[in-house]
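Residues per chain, in single letters:
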Amino acid sequence: MSKLYKLDYDSPIGVLELISSDDSVLSIMFREGIEPRYAASDDTPQVLKDCYRQMEEYFQGKRREFTFPYTLDGTGFQKTVWEALTRIPYAQTVAYKDIAADIGNEKAIRAVGHANSKNTISIVVPCHRVIGSDRKLTGYAGGIWRKEWLIQHEKTFRTDQ
């Protein structure tokens, strides 16, 4: 197993803990009730520095897509759902049933929701863009208030208005 590296990004909506190997981001997750603990050091890999910079650009409204390599660890079904999430355009939302239809399994709405909840690459794999078919915000591991903030943030900086 390769060494893991951590770097905390103090976002406007809480600390994001960034974790990587030498060459791939493995996790981007909100951490409750903590101050940033991990700062860049001489041994911080470039991929983690790139992730940090791109998160900063995202929160500044300057970035809509991410280019650093990341690794998703899950079942085949989860990976299929997560791949579908990456196709949701910036500042747009879709329903869980739309993701189920996109992956060719229209009856898998609950399974899509469950896979969504297991996503460990927050924001980059944009599970915050998935809402209920009644257009209500439902389920987000980082908290509904963060989901609402992220959706509004993207709408503020969208360029196709």
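Residues numbered from 1 in each chain as written. Predicted model: local features only at pLDDT ≥ 70, side-chain atom pairs only at ≥ 80, totals over all residues. Heavy atoms only, no water.

Stated precisely, the cut-off is as follows: UniProt positions are given in the numbering used here, feature names are shortened, and annotations may be inferred rather than shown by experiment.
An unreviewed UniProt entry lists the protein under the name Methylated-DNA--protein-cysteine methyltransferase, with Brevibacillus borstelensis AK1 as the source organism. Taken from UniProt, the Sequence similarities (unreviewed entry) comment for the protein reads in full: "Belongs to the MGMT family." You can read under Subcellular location (unreviewed entry) in the UniProt record for the protein the words "Cytoplasm".

## Considerations on the pairing of strand β1 (residues 5-11)
The line we're drawing: Partly exposed residues are those whose accessible area sits between 20% and 50% of the maximum for their type, while under 20% is buried and over 50% is exposed, using a 1.4 Å probe and protein chains only. Helix and strand definitions follow DSSP, with helices as H or I runs of at least four residues and strands as E runs of at least two, each counted in order from the N terminus. At least two DSSP bridges between two strands are required for those strands to pair.
Within β1, five of the seven residues are buried, which leaves it mostly tucked inside the rest of the structure. Sheet topology places β1 next to strand β2 (residues 14-20); seven bridges connect them, and they run antiparallel. For D8, the partnering residue across the bridge sits in β2 and is E17. Linking β1 to β2, which pair antiparallel, is a turn of two residues.

## Some points on helix α5 (residues 144-157)
Quick reminder of the rule: To estimate the expected span of a helix, subtract one from its residue number and multiply by 1.5 Å. We call two residues in contact when some of their heavy atoms are within 4.5 Å.
Over its 14 residues, α5 runs 20 Å from end to end, which matches the ideal 20 Å to within 8%, given 1.5 Å per residue. Along its buried surface, α5 packs onto β2, β3 (25-31), α1 (46-59), α3 (96-102) and β5 (130-131).

## Some thoughts on the packing of aromatic side chains
For clarity, the threshold we go by: Two rings from Phe, Tyr or Trp (for Trp, the six-membered ring) form a pair when their centres sit within 6.5 Å of each other. Planes less than 30 degrees apart are called stacked, planes more than 60 degrees apart edge-to-face, and all others tilted.
Inspection of the entire model under this criterion finds seven aromatic pairs. For the pair F68 and Y70, a centre-to-centre distance of 6.4 Å together with 70° between the ring planes defines the contact as edge-to-face. Residue class for F68 comes out buried when judged on its relative accessible area of 5%. The exposure class assigned to Y70 is partly exposed, which follows from its relative accessible area of 29%. Cluster of aromatic residues (ring-pair linked, three or more members): Y9, Y52, Y58, F59, F66, F68, Y70 and W149.

## So, the sheet that holds β1
Note on sheets: strands pair through backbone hydrogen bonds, and any given pair is parallel or antiparallel. Formally: A fitted line through C-alpha atoms serves as each axis, taken over the contacting stretch for helices, and the angle formed by two N-to-C directions is quoted from 0 to 180°.
With antiparallel pairing, the three strands of this open sheet are ordered in space as β1-β2-β3. Edge positions in the open sheet fall to β1 and β3, since each of these has one partner strand only. For this sheet, the mean angle separating the axes of adjacent strands, direction not counted, is 20°. Bridge count for β2 against β3 is six bridges, and the pairing is antiparallel.

## Quick look at the UniProt feature "active site" (unreviewed entry) in the protein
Mapped onto this structure's residue numbering, the UniProt feature "active site" (unreviewed entry) falls at C127. When you line up the elements, C127 lands in the loop between α4 (109-117) and β5.

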